[in-house]
Amino acid sequence: MDQKIAPVRVRFAPSPTGHMHLGSARTALYDYLIAKKTGGKFVLRIEDTDFKRYMPGAEEELISGLRWLGLEFDEGPDIGGPYGPYRQSERKEIYLEHARRLVAEDKAYYCFCTPERLTKMREDQQRRKEPPHYDGTCRNLSIDESERRIHDGEKHVIRFKTPKEGTTTVRDLLRGDITVENQTLDDYILVKSDGWALYHLAAMVDDHLMDITHVIRGSEWLPSLPLHALICRAFGWQEPIWVHLSVFLKPSGKGKMSKRESADLLKDGYSIFIKDLQDLGYTPEAVVNWVALMGWSYDDHTEFFTLDDLVKKFNLEHLNPSPAAINFTKLDHFNGLHIRNFTDQEFANRITPYFLQAGIRTDPETLLKIAPILKERVATLDDAIEMAGFFFKDKVNPIAGELPGKGMSNEQMIEVLKKSHSLLSGFEKITVADVEPVMREYVEQSGFSAGQVFGILRVAVTGQRISPPLFESMEIIGKEKVLERIENAIKLLE
RNA sequence: GCCCCCAUCGUCUAGUGGCCCAGGACGCGGCCCUCUCAAGGCCAAAACAGGGAUUCGAAUUCCCUUGGGGGCACCA
């Protein structure tokens, strides 16, 4: 069915300047999927040449984020590989050599203009309503003069000698040919005065040296795509296949998520950061499933996918170029779906750390028993704490006012609790099969509704108005504790 | 300001000239189930941005307008 695709080499190349977010996660996911699908390689490369913006711990967060999502990479800074090193900060000389080669071939040149002059130049251009452009002062300096000035210790950068005339056409896999007038391009800086390469050079050199076949990245790179193609062509390299993914917009669909909005979002229990999502009780399965479908679709209308499903079904052809607003309620939906898809044991394992974090001591047997009745009713894993914390407490503390008893007096509630207590006492142990028929029979005779009777019992036994089913809960809690809690509630009412 | 990209229900999307008075999913509303809350089942409302052109025929092709997004650093 699927035509055989040659093995790809793809790279996820984040810069360690901030927290890993949904956009990165999706790019990495698609990289992983297409690599696995074609039997290719998924490499992680850290683009850390901007020391000013470097964020300590970002690389570790990236790696643990990838692993949490299940996106194991084949080559990377911590595991190495045949194309290393995988940190750009360890490849300075490689970029410099390449830049010099371009200079030697008259495809780049040394520029001695000071940042101050360039800033002023730009301001003047802006004032004259001209697009900001390098004015070409050093573009035609002779090699001799350049070398003399370098020798004299003059600060310099290396600029790309962008063609002044004609057009450049590059093919993006999702959008087709994109053509720009070369005169709208600039003589971009390739190497900074401190000798470090800029992204444009470093990424192209690395992609070539690392045999990258497909460059999958965000569409914020689209404007510099012609430059990148021109650089590849200047070196005489074959270009990779360019794939620019749509951007993610904030839920309203109006623009990208800002820092301030991310903070607001967190108050509602959502986040665009992978680390947060984990803490908020989302499963990696759901995040993967959800994010995969933001910009990609599968044609038979199925939407529930595991990572393995996606590896089988993913393709580059169904990618969608238009921007996508993030829909967190759909994440909730997928989270529920995947939670319910877990085995009871798996679910028990997953919620354990959340209880731990909340300071609630659990035991594996009970966890396994509550799993089936809990799985159906939590949206996020940490919901389990609120919903099922009472299973692990010695006693619960219902508030008198919390005991519902719609339209019932205190005396009536006490009556119900006392009767229930005596009924339950008659059993050797509480099981749903034994107890439920008896209790329902009591409801019949009592004149109260099932909602009234079970509602009071629920609060007495669980301390909550909302809980998993009453009888199942009582069976798990055990007769002794149940009776104790009912007695407690009676005392409270009296 | 200049350059580039995008445009189907509120949102994510299917749709590559006739199968579409547009299909699915989330959400929303209703009903069923029901000891609470969920889950599940069923039903409903909801979109081709506007204008031209091509064609026997356009959501699908082309042009313009409008709207939205991204980019214009010795950041990535």
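Chemist: Just to check I follow, could you spell out the overall build of chain A for this structure?
Modeler: The helix and strand inventory of chain A stands at 20 helices and 11 strands. The C-alpha radius of gyration of chain A comes to 32 Å, more than 25% above the 23 Å expected for a compact globule of 494 residues. When its C-alpha atoms are laid out on the principal axes, chain A stretches across 105 × 50 × 35 Å. The buried share of chain A, taken over its 494 residues, is 49%. A separation of at least 24 residues holds for 74% of the contacts in chain A among residues at least 6 apart in sequence. Summed over all atoms, the accessible surface of chain A reaches about 23800 Å², with 51% contributed by carbon and sulfur. Within chain A, one finds 64 positive and 75 negative side-chain charges whose respective centroids are separated by 3 Å.

Chemist: Hey, could you run me through the pattern of salt bridges in this one?
Modeler: Side-chain pairing between opposite charges can occur once the charged atoms of the two side chains come close. Taken as a whole and assessed by the stated rule, the structure comprises 36 salt bridges. Close ionic contact of Arg45 with Asp206 constitutes a salt bridge, the shortest N to O distance being 3.6 Å. Note that Arg45 is positioned in the loop between β2 (41-44) and α2 (58-69) and Asp206 in helix α6 (residues 199-209), a separation of 161 residues in sequence. On the basis of relative accessibility, which here comes to 0%, the residue Asp206 falls in the buried class. Across the pair Asp124 and Arg127 runs a salt bridge whose closest N-O atoms are separated by 3.0 Å. With Asp124 and Arg127 both in helix α4 (residues 115-127) and three residues apart, the pair spans about one turn of that helix. Look at the salt bridges and you will find they share partners, linking Arg11, Arg45, Glu47, Arg91, Asp206 and Asp207 into a network.

Chemist: What exactly am I supposed to notice about the sheet that holds strand β3 (residues 108-111) here?
Modeler: Strand pairing in a sheet takes place through backbone hydrogen bonds and is either antiparallel or parallel in direction. Strand order across the open sheet formed by three strands is β3-β4-β7, with antiparallel pairing between neighbours. For this open sheet the edge positions go to β3 and β7 (189-191), each flanked by a neighbour on one side alone. Each strand of the sheet is rotated relative to its neighbour by a mean of 40°, with strand direction disregarded. Where strand β4 (residues 157-160) meets β7, two bridges bridge the pair, whose relative direction is antiparallel. Within β7, the residue paired with Ile158 across the bridge is Val191.

Chemist: Can you walk me through the environment of Trp296 in this structure?
Modeler: Here Trp296 is to be found in the loop between α10 (284-292) and α11 (307-313). Among the residues examined, Trp296 registers a relative accessible area of 3% and is labelled buried. Along the sequence, Trp296 and Val103 sit 193 residues apart, while their C-alpha atoms lie 42 Å from each other. Sequence-distant contacts of Trp296, defined by excluding residues within four places in its chain, comprise Tyr30, Phe305, Leu310, Lys313, Phe314, Asn315, His318 and Leu319.

Chemist: Please explain the layout of surface pockets as it appears in this structure.
Modeler: Empty space among the atoms becomes visible once a probe the size of a water molecule is rolled across them. If you add up the space inside the largest pocket, you get close to 1500 Å³. Along the wall of the largest pocket there are 45 residues; nearest its centre are Ser15, Thr17, His21, Ser24 and Glu220. Contributing elements (two or more residues each) for the lining of the largest pocket: β1 (9-12), α1 (22-38), α6, β8 (214-218), β10 (248-249) and α8 (259-267). Per-element tally for the lining of the largest pocket: the top contributor is α1, with five residues. The volume enclosed by the second largest pocket comes to roughly 500 Å³. Taken together, 22 residues line the second largest pocket, and the ones lying closest to its centre are Pro115, Leu118, Val157, Arg159 and Ile189. Among the secondary structure elements, those contributing two or more residues to the lining of the second largest pocket are α4 and β4. Of the residues in the lining of the second largest pocket, the class split is 11 nonpolar, five polar and six charged.

Chemist: Would you explain helix α12 (residues 328-341) in this entry?
Modeler: An α-helical turn contains 3.6 residues, so any two residues separated by three or four positions project in the same direction. When the terminal C-alpha atoms of α12 are compared, their 20 Å separation across 14 residues agrees well with the 20 Å that a helix rising 1.5 Å per residue should span. Of the surrounding elements, those touching the buried residues of α12 are α1, α8, α9 (274-279), α10, α13 (344-357) and α14 (364-375).

Chemist: Help me out: how do you make sense of the protein's contact with RNA strand B in this one?
Modeler: For RNA strand B, the set of nearby residues contains 60 residues, the closest of which are Asp50, Lys192, Glu303, Arg458 and Ser467. If you look at RNA strand B and keep only atoms within 4 Å of the protein, 68% of those are sugar or phosphate atoms. Here Ser15 contributes a side-chain N or O atom positioned 2.9 Å from a sugar or linking oxygen of RNA strand B. Contact between RNA strand B and Ser193: a base oxygen at 2.8 Å from a main-chain N or O atom of the residue. Elements supplying a minimum of two residues to the surface near RNA strand B: α4, β6 (176-181), β11 (324-325), α12, α18 (450-462) and α19 (470-477).

Conventions we followed
- Residues numbered from 1 in each chain as written.
- Chains lettered and ligands numbered in written order.
- Predicted model: local features only at pLDDT ≥ 70, side-chain atom pairs only at ≥ 80, totals over all residues.
- Heavy atoms only, no water.
- Helix = DSSP H or I, 4+ residues; strand = E, 2+ residues; numbered from the N terminus.
- Rg over C-alpha atoms; globule rule 2.2 N^0.38 Å.
- Buried < 20%, exposed > 50% of the residue type's maximum accessible area, 1.4 Å probe, protein only.
- Contact = heavy atoms within 4.5 Å.
- Areas by Shrake-Rupley, 256 points an atom, 1.4 Å probe, with all protein chains shown as cover.
- Lys, Arg positive; Asp, Glu negative; His and termini not counted.
- Charge placed at Lys NZ, Arg CZ, Asp CG, Glu CD.
- Salt bridge = Lys/Arg side-chain N within 4 Å of Asp/Glu carboxyl O.
- Pairing = 2+ DSSP bridges.
- Axes fitted to C-alpha atoms, helices over the stretch in contact; angles between N-to-C directions.
- 1 Å grid on protein atoms, 1.4 Å probe; cavity = no way out; pocket = protein on both sides within 12 Å on 5 of 7 lines; lining within 4 Å.
- Points joined across faces, edges and corners; volume = space filled by probe spheres on them.
- Nonpolar A, V, L, I, M, F, W, Y, C, P; charged D, E, K, R; others polar.
- Expected span 1.5 Å × (residues − 1).
- Near = heavy atom within 4 Å.
- Polar contact = N/O pair within 3.5 Å; in protein donor to acceptor, adjacent residues only side chain to side chain.

Nothing here speaks to function; it is geometry throughout.
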